[in-house]
Amino acid sequence: MQQQHRQVQQEAHHEDAATAVTEEECAASIMEIDRLTEMGIPAADIVKLKAAGIYTVPGVHMQCKKDLSNIKGLSEAKVEKVIEAARKLSDTGFVSGSTYLQQRKKVNKITTGSATLDQLLGGGVESMAITEAFGEFRTGKTQLALTLCVTCQLPTSMGGGNGKAIYVDTEATFRPERIRPIAERYGLDPDAALDNIFVARAYTHDHQAHLLAMAAAKMAEDQVCLLIVDSITALFRVDFSGRGELAERQQKLGKMMNCLIKTAEEFNVAVYITNQVVADPGGASMFVADPKKPIGGHVLAHASTTRLSLRKGRGEQRICKIYDSPSLPESECVFSITEQGIADARE
Ligand code: ATP
Ligand code: MG
């Protein structure tokens, strides 16, 4: 068994070498904030930017002037210089559709473990986007997260992202022991696979936001290709109660989603979030027996790139439906939850 692992890992290594050019290109596309020194920005100011959670040059473009001016020790004049330097280093202007298409080639698609589900998703869970899975309990949201934590480590040629995973666990359901059988399925060393997953337990929505800022810092220094938040909404539901706090809850949730999509684009990572559902009395009709809608309202609906609705089928089978996507049609497929993670449904 051990020998088999080693062999598969060696093969994976060779495949890594074969894809090295693309990965180097990807690494080169992450322009570190230190490069602002080339434009005359003092190192001390770069330290301040990093302390505020900005680690890349595109990260500067992603902040509004107001937020940059709020950084301690950065005067308005300095902010202007930083913005100008960032614009000179990385062009954020218009590009042609074909150049845009070329840029989209660096998007990774991480396998879910089920070929049918991958096909439904147009190849897998994609980087530079937020994929949200919602559904009732036991529908496989966490099992998909655990599977992705392993498959993301595979070389791109094997449907992986050739990187590590970050897992923000808000419900205490991350199970390290589940990683072993999934890793073994793919011929990965289970201990190494576990070492490549950074897990943090979040206790409040503030803590969750803090952990996501730390996740961005980790991405700046390590090869991370997947960020999981399981679940995105649970702590918001606990920390804000009643109608009186709804506006604040939605505003903070919106800010977090905005931060997630920027992180996904900045570091070319896939963001996978889970969400719960509530009964929707307004959605009841004679055609829909048990209508359930995802929580988070319009804020989540607009911020998630691809929304997947999961529901239970027979036994270990689950059904995934594309609920909303910029490029995929509304269709569904069946997959199953196994000891080795998400897999195709058995006949
Ligand atoms: P929640 O909303 O409660 O977080 P969820 O959608 O995240 O629910 P999951 O934990 O992904 O639910 O799925 C739970 C299901 O996974 C259970 O029905 C269980 O049967 C199945 N499952 C868990 N562990 C295994 C395993 N080792 N082998 C096979 N199936 C498993
Ligand atoms: Mg779960």
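Computed from a predicted structure; not experimentally measured.

A. Looking closely at the packing of aromatic side chains. Counted under the stated rule, the structure contains 3 aromatic pairs. Where Phe-134 meets Tyr-323, the ring centres are 4.9 Å apart and the plane angle is 85 degrees; that geometry is what we call edge-to-face. Separated by 189 residues along the polypeptide, Phe-134 in strand β3 (residues 129-135) and Tyr-323 in strand β11 (residues 317-324) bring together distant segments of the chain. On the basis of relative accessible area, Phe-134 is assigned to the buried category, the value being 2%. Residue Tyr-323 is classed as partly exposed on the basis of its relative accessible area of 38%. Their ring planes at 65 degrees and their centres at 4.8 Å tell us that Tyr-167 and Phe-174 sit as a pair that is edge-to-face. Of the two residues, Tyr-167 and Phe-174, neither departs from the other in class, the shared state being buried. Seen from the ring of Phe-198, Lys-218 lies directly overhead, with NZ or CZ sitting 4.4 Å from the centre.

B. Molecular detail of the site of ligand 1. Ligand 1 sits among 14 residues. The nearest are Arg-138, Lys-141, Thr-142, Gln-143 and Glu-339. Here Lys-141 contributes a side-chain N or O atom positioned 2.8 Å from an oxygen atom of ligand 1. Residue Thr-142 places a side-chain N or O atom 2.8 Å away from an oxygen atom belonging to ligand 1. Computed on the free molecule, ligand 1 has an accessible area of 650 Å², of which 69% lies beneath the protein chains in the complex.

About the criteria used
Residues numbered from 1 in each chain as written. Chains lettered and ligands numbered in written order. Predicted model: local features only at pLDDT ≥ 70, side-chain atom pairs only at ≥ 80, totals over all residues. Heavy atoms only, no water. Phe/Tyr/Trp six-rings, centres within 6.5 Å; stacked < 30°, edge-to-face > 60°. Helix = DSSP H or I, 4+ residues; strand = E, 2+ residues; numbered from the N terminus. Buried < 20%, exposed > 50% of the residue type's maximum accessible area, 1.4 Å probe, protein only. Lys NZ or Arg CZ within 6 Å of the ring centre and 35° of its normal. Near = heavy atom within 4 Å. Polar contact = N/O pair within 3.5 Å; in protein donor to acceptor, adjacent residues only side chain to side chain. Areas by Shrake-Rupley, 256 points an atom, 1.4 Å probe, with all protein chains shown as cover.

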